[in-house]
Amino acid sequence: MILKLVNPKFKIYPQINKKVLIQGSAIFILVVSVLVIIGWLFKIRMLLSIVPGAPTMKFNTALSFLIVGTIIFLYLKKKKSSMVITLLSIFLCSVSIFTLFPYFFELSFNIDNLIVSDRYSRKFPGRMSIATTICFLVFSTASLGKLSKVKSFQKISDLLVLGIGIVSLQVIVTYILQILAKSSVLVFNSMAIHTAILFLLISIAFSAMSSKGGYTYLLYENHTGSKLARTLVPFVIMLPICLSFLLLFVLNNEWITTDVSISLYTIAYTVLSLLYLYHLTNRLNKADIKKKQLESSLYNTNQELMQFKYALDKSSIVMINDPRGIIEYVNDKFCEISKFTREEILGKSEKVLRSGHHSKNFHRKMYETISNGEVWLGGVKKMDKYGVYYWVQTAVIPFKNKSGDIYQYLTIGQDITRHKWLSSQYENLKLKTKEMEQFTYIASHDLQEPLRTVKGMSNILQQEYSNKLDKDGNACLEYITSATDRMSHLIKALLDYSRIGIHQKREKIDCNEVIDIVCKDLAIIIKETKTVITVDPLPTLLVYPMEFRLLLQNLVSNAIKFRQENKTPKIHIGSEKKDKIILFSVKDNGIGIEKKHKRIIFAIFKRLHSLDEFEGTGIGLAHSEKIVHLHGGEIWVDSKLGEGSTFYFTIPLI
Ligand code: ADP
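About the cut-offs
Residues numbered from 1 in each chain as written. Predicted model: local features only at pLDDT ≥ 70, side-chain atom pairs only at ≥ 80, totals over all residues. Heavy atoms only, no water. Helix = DSSP H or I, 4+ residues; strand = E, 2+ residues; numbered from the N terminus. Expected span 1.5 Å × (residues − 1). Buried < 20%, exposed > 50% of the residue type's maximum accessible area, 1.4 Å probe, protein only. Pairing = 2+ DSSP bridges. Axes fitted to C-alpha atoms, helices over the stretch in contact; angles between N-to-C directions. Phe/Tyr/Trp six-rings, centres within 6.5 Å; stacked < 30°, edge-to-face > 60°. Lys NZ or Arg CZ within 6 Å of the ring centre and 35° of its normal. Salt bridge = Lys/Arg side-chain N within 4 Å of Asp/Glu carboxyl O. 1 Å grid on protein atoms, 1.4 Å probe; cavity = no way out; pocket = protein on both sides within 12 Å on 5 of 7 lines; lining within 4 Å. Points joined across faces, edges and corners; volume = space filled by probe spheres on them. Nonpolar A, V, L, I, M, F, W, Y, C, P; charged D, E, K, R; others polar. Near = heavy atom within 4 Å. Polar contact = N/O pair within 3.5 Å; in protein donor to acceptor, adjacent residues only side chain to side chain. Sits in = over half its atoms within 2 Å of the grid points. Core = buried A, V, L, I, M, F, W, Y, C linked by side-chain atoms within 4.5 Å.

- Identification of the protein chain as histidine kinase from Cochleicola gelatinilyticus is taken from an unreviewed UniProt entry.

As for helix α7 (residues 193-209)
Residue pairs spaced three or four apart in an α-helix point in one direction, given the helix's 3.6 residues per turn.
At step 1: In a regular helix each residue adds 1.5 Å, so 17 residues correspond to 24 Å; α7 covers 24 Å between its end C-alpha atoms and thus fits that length.
At step 2: Most of α7 sits inside the fold, with 14 of its 17 residues counted as buried.

Some words on the sheet that holds strand β3 (residues 376-383)
At step 1: Read across the open sheet, the 5 strands follow the order β2-β1-β5-β4-β3; overall the sheet is antiparallel. What marks the edges here is a single partner per strand, and that holds for β2 (327-330) and β3. Between one strand axis and the next, the sheet turns by 30 degrees as a mean value, whatever way the strands run.
At step 2: Here β3 runs beside strand β4 (residues 389-400); their pairing, made up of 8 bridges, is antiparallel. Counterpart to Lys382 in the pairing with β4 is Tyr390.

Some details on the packing of aromatic side chains
At step 1: Evaluation of the coordinates by the stated rule reveals 17 aromatic pairs.
At step 2: Here Phe602 and Phe647 contribute two aromatic rings whose centre-to-centre distance is 6.3 Å and whose plane-to-plane angle is 70 degrees, an arrangement assigned as edge-to-face. Placement of Phe602 in the loop between β10 (581-588) and α19 (620-630) and of Phe647 in strand β12 (residues 644-652) is noted, with a sequence separation of 45 residues between them. The same class applies to Phe602 as to Phe647, namely buried.
At step 3: Among the aromatic side chains, those forming a connected cluster through ring pairs are Phe65, Phe136 and Phe199.
At step 4: Over the aromatic face of Tyr389 sits the side chain of Lys381, whose NZ or CZ is 4.5 Å from the ring centroid.
At step 5: Positioned over the ring face of Tyr497 is Lys626, at 4.6 Å from the centre of the ring.

Examining the pattern of salt bridges
At step 1: This structure, assessed with the given rule, holds 15 salt bridges.
At step 2: One salt bridge in this structure joins Asp322 and Arg324, with 2.8 Å as the shortest N-O distance.
At step 3: For Asp322, a relative accessible area of 7% corresponds to the buried category.
At step 4: Looking at Arg324, the relative accessible area reads 67%, which means it is exposed.
At step 5: Residues Asp332 and Arg342 are paired through a salt bridge, measuring 2.8 Å at the closest nitrogen-oxygen approach. With a gap of 10 residues between them, Asp332 in helix α11 (residues 332-338) and Arg342 in helix α12 (residues 342-345) connect regions that are remote in the sequence.

Some remarks on empty space enclosed by the protein
At step 1: Applying the stated criterion across every chain, the model contains 2 cavities of 30 Å³ or more.
At step 2: Roughly 110 Å³ of volume is contained in the largest cavity.
At step 3: Here the residues of the lining of the largest cavity are counted per class, giving 8 nonpolar, 4 polar and 1 charged.
At step 4: Empty space within the second largest cavity amounts to approximately 50 Å³.
At step 5: Grouping the amino acids of the lining of the second largest cavity by side-chain chemistry returns 4 nonpolar, 6 polar and 1 charged.

Things to note about the site of the ligand
At step 1: Around the ligand, a shell composed of 21 residues is seen, among which Asn558, Lys561, Arg607, Gly618 and Leu621 lie nearest.
At step 2: Between the ligand and Thr617 there is a distance of 3.1 Å, counted from an oxygen atom to a backbone nitrogen or oxygen.
At step 3: Cavity membership is defined here by more than half of the atoms lying within 2 Å of grid points; on that basis the ligand lies in the largest pocket.
At step 4: Secondary-structure elements contributing two or more residues to the shell around the ligand are α18 (545-561), α19 and β12.
At step 5: With 3 residues, the top contributor of residues to the shell around the ligand is α18.
At step 6: Split into classes, the residues belonging to the shell around the ligand amount to 9 nonpolar, 8 polar and 4 charged.

Brief notes about the nonpolar core
Soluble globular proteins tend to bury their nonpolar side chains together.
At step 1: Met57, Phe65, Ile72, Phe139, Phe199 and Ile202 are the most contacted members of the largest nonpolar core, which has 50 residues in total.
At step 2: At the level of secondary structure, the elements contributing two or more residues to this core comprise α1 (18-41), α3 (59-76), α4 (82-104), α5 (130-147), α6 (151-181) and α7.
At step 3: When residues in this core are grouped by element, the largest group, 10 residues, is from α7.
At step 4: Ranked by size, the runner-up nonpolar core spans 34 residues in total, among them Val514, Phe548, Ala559 and Ile593.

And the structure:
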């Protein structure tokens, strides 16, 4: 299961940054108004009316735009000063009213040429056009309405701004058609083209400032409809303008008749609209396909994540805490182990789980690691709600945000309390075994001395006093001698057992050579019993030489010793390499072992037969097991009574 990362960002539609749009518009308005003011002060005609012969932007208009630009900027500020905006709006409103007055009444306030005199305009020099003045009046009212907390005033303000937009668009369209098609149709023939453009920008910027009330708000949303609208709006506006321009152009030049040109217009409009629609549909479909692919990929990823989470929750303790250590999330396993409910633990510091077992230095080092953005791994002793300790094998993973700051730590842990207990028990056991071995060594070593004395004394008795003792006395002496001999053997065997592995070093030895030595050592009995020994090619291994030889000797001599009376003993020694171990086998055709005795025969002094049947001390297999364990391997037997046995043992390769 592989998690695929999905990048859901695919840009098919144009994006609009609202803040940049508003700021850009305000800057543009300020720059244009300043340029026009310069144009008036230094008499640069071109700056006043961009289209030759067209109306100029009046000095008062430019000044008013300067105020409007400032108002928009003030609105953009986080802590906007309503007072200044109100004052500026009232001032703008007054200028508009004073300008409008002379259009309808005899009374004039002479503000048209107050700062500079207009020698370019024939009709009402220096005076803003009625359309311009009304637009400023409407804007100042809209600005005051926007400041108000009354919702209906804000709505009216949005409508007024829309009005400015329609008027200015109308003027711009008329200009384009009139200039390019050289038509004489003029509705707002007294408003300058740049005045109209600035009003359109004001309308758009102001509308963008109202969150949901502005007529443009739909354009800025991040939904499919708004994205589509952003693509469509320029087309919807530009297509009729371009076509109308062409229509007027051919009409003015009288190339075709009105009827034909109108039908051509209709056809062109329909065809171009359909083509654009086709193009858009295509794009939409592609976007939809991509979206569906992403959705399915996201679904799959989600499924995988859910499975991972399920597995994690089932197997591990999971906790999430913030950089201060406050616990934000825990899973069911956590609650099960810590005995805390979610309600009790969430919002608490992770310190409530500390057991006090670890030093301050331990916690400091852990914190240093994770706060450096590295993963911390280790075992931690914790304390549950009722003060019971538990051990957790922990991984603490820091999570960083885009700017590289750690915003949370994820802790995943495994309850290892039982492992810890077992390993401490294991350590205890190892200690006890060592003590036992030491005891066995000391005991068997020290027992030899008094035994030797008993043996010596019974020998003296036998040699010097046997004629003074009667038959029963001599028989008793015999028993004492043979019992002490046997005890001496047993003690020696114990001593040998406790000495296995002491002060030894591993050496590289050829197992084939070891078998040769063993066969030579057992040559007499092999010859006597006519034992047939076959051996597979054996490997060269790093082993404890003395012990390894003893192991093979024990197994081979047992195989001969426990032969069937009427059968020639056959022994096969084999080896097999399995992964990182060598599996040895010693197979015989002897008396075999009952299933229930398969384990017990490896215990010290454990024998299945009496001394009359088979001689021995019963320590050979205990020796063998200890030697195999010394090498890190295992030993066992596979056998059937009366059919023979196979002793297996493994030696790990190092
Ligand atoms: P010992 O050989 O001195 O009796 P061991 O520890 O070597 O002691 O063996 C323990 C017992 O396991 C033996 O007494 C015997 O009963 C049984 N045993 C060991 N090897 C074999 C074998 N190859 N076949 C049958 N029995 C065996």
